[in-house]
Amino acid sequence: MADSDVRAEPALERSDGVLLSKVVGATLVVTLNRPRRANALDDELMDALAGLWEQAAHSRALRAIVLTGAGNAFCSGADAGMLAKPRTKEGDTAADELDFLPGPRVELPLIVAVNGACAGGGLHFVADADICIASTSARFVDPHVSVGQVSALEPLQLRLRMRADVLRRMVLLGRHEVLDADAAERAGLVSEVVAPDVLLGRAMQLAEAVGANSPEAVRLSRRVLRTFEDRLIATDLDLGWELIRRHRAHPDATEGPAAFLAKRDPEWVSR
């Protein structure tokens, strides 16, 4: 074999302020690491995730990814501080905006272990998961409309996973509709609920079971499912992203996050 045919495995282990990752056997274990902010998404964390997935895509040794959150929360969605000011960077298309998710770029099964509160943008990870499990302490909510934001991308992705009536309640009721882990399982949002102390271990068991199968057969089987789903919602995702961006000029889009940060009731603009 020529030296040019030998590819060094990418360095996937990291421990920085916003993201932790380590390789256990053939599984990449990723932990969102902003526990003081309930693992909220900001530009730094999303950039770190995008970079990690770019590296993982070139690994020949990995067979699965496990994703969870540090502390008592899984992911509380977009950081309210980021929403309260103009975005300095954003994608031109829905796919560009969602490049912090592994599913579109890494051909490895993604197992998401929801260890606590999962809100707003945190639902992207649930929707992107090939297998999603939750601890009994998990809670799911889509608060977009309660903070003056358009809920457009997550519902389209989740519609392929869960009951439509439950999804509509989450979208339209906002923070007033919270699903506990059992309700999420009944709705199809997660496939399994376990005790908090065994959540990560169970996720690793699933990853190991996936890894015991033919890697190429798993990769191609997964591609069939994901290609089908992507084609179903691609056009609508771009429309949703267009509406989100257009709504940013509306006063409610800044009033909602400002009111949240100030811990007061928002004052919405009348239609």
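Residues numbered from 1 in each chain as written. Predicted model: local features only at pLDDT ≥ 70, side-chain atom pairs only at ≥ 80, totals over all residues. Heavy atoms only, no water.

Caption draft 1: Structural detail: the overall build of the chain. The number of helices and strands found in the chain is 10 helices and 11 strands. Taking 271 residues into account, the globule formula puts the C-alpha radius of gyration at 18 Å, and the chain, at 19 Å, falls close to it. On the principal axes, the C-alpha backbone points of the chain span a range of 70 × 40 × 35 Å. Buried residues in the chain amount to 48% of all 271 residues. (Helix = DSSP H or I, 4+ residues; strand = E, 2+ residues; numbered from the N terminus. Rg over C-alpha atoms; globule rule 2.2 N^0.38 Å. Buried < 20%, exposed > 50% of the residue type's maximum accessible area, 1.4 Å probe, protein only.)

Caption draft 2: Geometry of the side chain of Arg34. Note that Arg34 resides in the loop between strand E3 (27-32) and helix H1 (43-56). Of the polar contacts made by the side chain of Arg34, one reaches the side chain of Asp42; its length is 3.5 Å. For Arg34, the residues in contact, after removing those within four places along its chain, are Val18, Asn39, Ala40, Leu41, Asp42, Leu45 and Asp79. (Polar contact = N/O pair within 3.5 Å; in protein donor to acceptor, adjacent residues only side chain to side chain. Contact = heavy atoms within 4.5 Å.)

Caption draft 3: Fine view of the sheet that holds E3. In spatial order, the strands read E1-E2-E3-E4-E6-E8-E11; together these seven strands make up an open sheet with mixed pairing. In this open sheet, the two edge strands, each paired with only one partner strand, are strand E1 (14-15) and strand E11 (192-194). Strand direction decides the pairing type here: strand E4 (residues 64-69) and strand E6 (residues 110-114), joined by three bridges, are parallel. Pairing of Leu67 across the sheet is with Val112, part of E6. (Pairing = 2+ DSSP bridges.)

Caption draft 4: Representation of the packing of aromatic side chains in the model. Counted by the stated rule, this structure contains two aromatic pairs. Ring geometry for Phe74 against Phe125: centres 6.1 Å apart, planes inclined by 85°, an arrangement best described as edge-to-face. On the criterion of sequence distance, the pair formed by Phe74 in strand E5 (residues 73-75) and Phe125 in helix H4 (residues 123-128) is long-range, its members being 51 residues apart. Here the two residues Phe74 and Phe125 agree in accessibility, since each one is buried. Grouping aromatic residues by their ring pairs yields a cluster made of Phe74, Phe100 and Phe125. (Phe/Tyr/Trp six-rings, centres within 6.5 Å; stacked < 30°, edge-to-face > 60°.)

Caption draft 5: Expanded view of the sheet that holds E5. The four strands lie next to each other as E5-E7-E9-E10, forming an open sheet whose pairing is mixed. Of all strands in the sheet, those bounded by a partner on one side alone are E5 and strand E10 (179-180). Looking at chain direction, strand E7 (residues 117-119) and strand E9 (residues 139-141) are connected through three bridges and run parallel. Looking across to E9, one finds that Cys118 is bridged to Phe140.

Caption draft 6: How the structure looks around the nonpolar core. Counting residues in each nonpolar core, the largest one holds 58 residues, and the members touching the most others are Val114, Phe125 and Phe140. Sorting elements by how many residues they give to this core places H1 first, with seven residues. Non-local contacts of Val114, meaning those with residues more than four positions away in its chain, are made with Phe74, Val126, Cys132, Ile133, Ala134, Ser135, Ala138, Phe140 and Leu199. Residues Ile111, Val194, Ala203 and Met204 belong to the second largest nonpolar core, which totals 12 residues. (Core = buried A, V, L, I, M, F, W, Y, C linked by side-chain atoms within 4.5 Å.)

Caption draft 7: The side chain of Arg226, seen in detail. Its location among the elements puts Arg226 in helix H9 (residues 215-247). Once residues within four sequence positions are removed from consideration, Arg226 is found in contact with Gly103, Pro104, Asp128 and Asp130.

Caption draft 8: Quick peek at the pairing of strand E2 (residues 19-24). Bridge analysis of E1 against E2 gives two bridges, and the strand direction is antiparallel. Counted as the bridge partner of Arg14 is Ser21 from E2. Here E1 hands over to E2 after three residues, the two strands then running antiparallel side by side. Bridge count between E2 and E3: six bridges; the pairing is antiparallel. Counted as the bridge partner of Val24 is Thr27 from E3.

Caption draft 9: Examining the environment of Ala64 more closely. By the secondary structure assignment, Ala64 is in strand E4. Its relative accessible area of 0% is what places Ala64 among the buried residues. When the C-alpha atoms of Ala64 and Gly25 are compared, they prove to be 10.0 Å apart, with 39 residues separating the residues in sequence. When neighbours within four sequence positions are excluded, Ala64 is seen to be in contact with Ala26, Thr27, Leu28, Leu108, Pro109 and Ala207.

Caption draft 10: Examining the environment of Leu83 more closely. Assignment of secondary structure puts Leu83 in helix H2 (residues 80-83). For Leu83, a relative accessible area of 25% corresponds to the partly exposed category. Sequence separation between Leu83 and Ala258 is 175 residues, and the spatial gap between their C-alpha atoms is 8.7 Å. Setting aside chain neighbours within four positions, we find Leu83 in contact with Ala78, Gln149, Ala253 and Pro257.

From the geometry alone we can't say anything about function, so treat these as descriptive.
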